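An overview of the molecular structure
In case you want the letters, here they are:
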Amino acid sequence: FPSDKIIGAKLPSGRDAMRFFIKHRENRCTIRESAHTTYDELIKIWDQCRIPVKSKRDIIDKIEKLYKQQQVLSKSKQRSNLSDMNNQEVYSIKLDELFDIAHAHANHLIQFEENRQFLAQQRINRSGSIGGIDSSLARIEGLSAERRAHRELLQSSAPKSQFTSQEIDSEPDETTSEDTSDHETFTCNSTAVKKQRIVSPIVNAVLDRTNTSVRKASMITASVLNKAGVPASTVSLSKSSIHRQRQKQRYKSAQDNRQGLSSTKSVVHWDGKLLSDTDESTKSVLMAVLLTCCEDSSIELLGVPRFLSGTGKETADAVKGLLESWDIGIDTVGTCFDTTASNTGHYSGACVLLENLLERPLLW
């Protein structure tokens, strides 16, 4: 029968969860709304036992899956064949077992041994019961919550401040004394020194042009700054930081090139080469696509797509995609390519297919 609350001194079983779930379904709640409400009720009990649980999405999916099984079995409830009766019995046994939503690594995450043993007993025969609230532990957890709230308040009011108090960065444990917990102080230093980022657009262009790896770039930069007398603590020299800075500079450079490209009559060029992959087991076609402006003869590299075979259709689709991504498809008046069959075919050549895709004739 449905119930509007989960009661008992044990962790909820599948039957407890379904009773609460069906009660909200009878109140005209959707399946997802009932699952969320059931999740909130289950979490209260599991948090009281201080047992880590799975993610919210996984728990809600498990609740909905158990309900869908009940819906399927309800359709065959009146049948008396052996298979349906066996399925009903298996589902009934499953409802009486623990509705286990514990984290996959709960045994390692649980802090207290008695909680770990309680979870094991609940999984085996659901023996044992939830005890009263540990006032001492609850008080320590309350102080920890107040400390975190105070720290967040200080950080939001002074985001550039650097907290150096050990009490702010650490959490209280079981052995924390009451005297030290009640008299904690928070100290702030002056604004923290922000590390400089040395990967400028020019530096990034030089590193890319010389094909310098991230590891070598960090070693070269550290050596130059050390010789120049620049303190290493004021500059970000880690490999990950330099890698992120180079990626940002490449993206910014590409965006600037796209915005700086003028909309004028132009000719698109392409040429592909069959090259081996890094593992040298397969080969693929790399095709460079360039654009030449008819007014000032400026050249812009649009991209270097990769193909498996390099057919006329693949070439035409790739060129059209690059022209649209750069928003210059309507300004293209001509094409330039080598005279291979995949480019100059009357029916499946890239030049003919590109004209069909752009819906206008091109000079080639």
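Remember, predicted model here, so these are calculated numbers, not experimental data. (Residues numbered from 1 in each chain as written. Predicted model: local features only at pLDDT ≥ 70, side-chain atom pairs only at ≥ 80, totals over all residues. Heavy atoms only, no water.)

What to know about the nonpolar core
Our working definition: Remark: nonpolar core denotes a set of buried residues (Ala, Val, Leu, Ile, Met, Phe, Trp, Tyr, Cys) joined through side-chain atoms within 4.5 Å. Exposure classes here rest on a 1.4 Å probe applied to the protein chains alone. A residue is buried below 20% of its type maximum, exposed above 50%, and partly exposed in between. Helix numbers and strand numbers start at the N terminus; a helix is a DSSP run of H or I with at least 4 residues, a strand a run of E with at least 2. We call two residues in contact when some of their heavy atoms are within 4.5 Å.
Counting residues in each nonpolar core, the largest one holds 32 residues, and the members touching the most others are L11, M18, W46, I51, I63 and L119. Elements represented by at least two residues in this core include exactly α1 (14–26), α2 (31–48), α3 (56–75), α4 (82–96) and α6 (113–124). Other than its neighbours up to four places away in sequence, W46 contacts L11, P12, I51, V53, L98, F99, D100, I101, A102 and L119.

Things to note about the packing of aromatic side chains
Definition in use: Any two rings among Phe, Tyr and Trp, with Trp reduced to its six-membered ring, count as a pair given centres within 6.5 Å; such a pair is stacked if its planes are under 30 degrees apart, edge-to-face if over 60, and tilted if neither. For a lysine, the NZ atom is tested; for an arginine, the CZ atom; a charge sits over a ring if that atom is within 6 Å of the ring centre and within 35 degrees of the ring normal.
Summed over all chains, the structure comprises two aromatic pairs. With centroids separated by 5.0 Å and ring planes inclined at 20°, the aromatic side chains of W270 and F337 adopt a geometry described as stacked. Here W270 is found in strand β1 (residues 266–276), whereas its partner F337 is found in the loop between β5 (332–336) and α14 (341–344), with 67 residues between them in sequence. Residue class for W270 comes out buried when judged on its relative accessible area of 4%. Against the face of F99 rests K62, its NZ or CZ located 5.1 Å from the ring centre.

What about the pattern of salt bridges?
Keep this limit in mind: Each salt bridge in this description consists of a side-chain nitrogen of Lys or Arg and a carboxyl oxygen of Asp or Glu lying within 4 Å of one another.
Counting across every chain of the model gives nine salt bridges. Close ionic contact of D208 with R246 constitutes a salt bridge, the shortest N to O distance being 2.8 Å. With D208 in helix α10 (residues 201–209) and R246 in helix α12 (residues 239–260), this pair connects stretches of sequence that are 38 residues apart. D208 gets classed as partly exposed once you look at its relative accessible area, which sits at 32%. Taking the relative accessible area as the measure of exposure, R246 reaches 3% and is therefore buried. Residues R250 and D208 are paired through a salt bridge, measuring 3.0 Å at the closest nitrogen-oxygen approach. With R250 in helix α12 and D208 in helix α10, this residue pair connects regions lying 42 residues apart in the sequence.

Any functional reading would require information beyond the geometric quantities listed.
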